[in-house]
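Tertiary structure, described
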Amino acid sequence: MRRLVLIALLGSVAQLVDGTLGMAYGVTASTALLITGITPAVASASVHLAEVGTTLASGLSHWRFGNVDWRVVALIGAPGAVGAFAGATFLSSLSTESASLWVAGLLLLLGVYILVRFGTGKVRAVIEGRPAGRFLGPLGLVAGFIDATGGGGWGPVANSALLTSGKLAPRRAVGSVNAAEFLVSVAASIGFLFGLGREHLPFGIVAALLIGGVVAAPLAAWLVSRLATRWLGVGVGLVLVLTNARTVLHGLDVTAGLRYVVYAALVLGWAALVAYGLRTSARRAVQVETRELEPAS
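Residues numbered from 1 in each chain as written. Predicted model: local features only at pLDDT ≥ 70, side-chain atom pairs only at ≥ 80, totals over all residues. Heavy atoms only, no water.

Some thoughts on helix 6 (residues 133-149)
Here helix 6 is 17 residues long and its end C-alpha atoms lie 24 Å apart, about the 24 Å a rise of 1.5 Å per residue gives. Among all positions in helix 6, only L136, G137, L139, G140, A143, G144, I146, D147, A148 and T149 are buried. (Helix = DSSP H or I, 4+ residues; strand = E, 2+ residues; numbered from the N terminus. Expected span 1.5 Å × (residues − 1). Buried < 20%, exposed > 50% of the residue type's maximum accessible area, 1.4 Å probe, protein only.)

Notes on helix 7 (residues 154-165)
Look at helix 7: 17 Å from first C-alpha to last across 12 residues, which is about the 16 Å you get at 1.5 Å a residue. Among the 12 residues of helix 7, 10 are classified as buried, and the element is accordingly described as predominantly covered. Of all the positions in helix 7, only W154, G155, P156, V157, A158, N159, S160, A161, L162 and L163 are classed as buried. Just downstream of helix 7, G166 is the residue with a positive phi angle, here 70 degrees.

What about the packing of aromatic side chains?
Taken as a whole, this structure holds one aromatic pair when the rule is applied. Taking 6.2 Å as the distance between ring centres and 75 degrees as the angle between the ring planes, the aromatic pair formed by Y260 and Y263 counts as edge-to-face. Remark: Y263 and Y260 occur in helix 11 (residues 256-293); sequence separation between them is three residues, near one turn of the helix. The residue whose ring lies beneath R64 is F65, and the NZ or CZ to ring-centre distance is 5.8 Å. (Phe/Tyr/Trp six-rings, centres within 6.5 Å; stacked < 30°, edge-to-face > 60°. Lys NZ or Arg CZ within 6 Å of the ring centre and 35° of its normal.)

Observations regarding the packing of helix 4 (residues 70-89) against helix 6
Running from amino to carboxyl end, helix 4 crosses helix 6 at an angle of 35 degrees, the nearest separation of the two axes being 6 Å. When the axes of helix 4 and helix 6 are compared, the crossing they make is right-handed. Packed against helix 4, whose contacting residues are R71, V72, L75, I76, P79, G80, V82, G83, A84, G87 and A88, the element helix 6 presents G133, L136, G137, L139, G140, L141, G144, F145, A148 and T149 at the interface. Within the contact of helix 4 with helix 6, the residues separate by chemical class into 12 nonpolar, eight polar and one charged. (Axes fitted to C-alpha atoms, helices over the stretch in contact; angles between N-to-C directions. Left-handed = near helix turned anticlockwise from the far one by under 90°. Contact = heavy atoms within 4.5 Å. Nonpolar A, V, L, I, M, F, W, Y, C, P; charged D, E, K, R; others polar.)

What about unusual backbone geometry?
Unlike most non-glycine residues, D253 shows phi in positive territory, near 60 degrees. Here D253 is to be found in the loop between helix 10 (229-251) and helix 11. Taking the relative accessible area as the measure of exposure, D253 reaches 65% and is therefore exposed.

Okay, here's the thing in structure tokens:
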């Protein structure tokens, strides 16, 4: 019982991260389950099944706070479900280690771009335009496939691409991707049920993850609706950089000591960028206040 309570708490933390930044539920929850001694295969299947409920709760919560673009959900979610089902059933036996390394490298570069772009204020408060269907369809297919075969990746791939396109405000990108993930989770879960069978799935662990995630979903959606566009982008960029840097360094067999040095350097760079952003924001606020106090000529 104590173990299930701990897993429920970990599920809440994972959903809070995912619902706020639009990514990392799978990474956070799977890592937490592995720490408790659960095997990787069971952890992956448990997370995908739990996501059926958590993504539904998250999508509804984001819709309640006005964070969802239903056109984006439809155009990215349906292809994502196809990719997820294919990955979970027919392609899960293939080795995706080398592909995961390349994807992580690409996401790392996208994370740096997003972090710099939002951290330096190089983004409009209201982002104009709409993502094209010919962009969203292939994006959903690839993101769904990577999510099912690589043990996660729907949020990082879909959100980073949407943010990089500059066609969707960060809170709407996060909300829409979270809502579309329900379709992806359902398709992946069906694939895992076919591939593994019900007897290998720990439904107690799935229920604990589900309860914890559902409890945290409304809070995460509320946070997204209140966070400034700039700092939400900075948070997404940081998560992309740190999670994918870890994958790349492990894939290249970098020693533990050097990995920690790289992580520390990345965090220091992020802190410096945030400090720069705070200074520029304060300077602009002073300039605006000064102009408002000047007498009209």
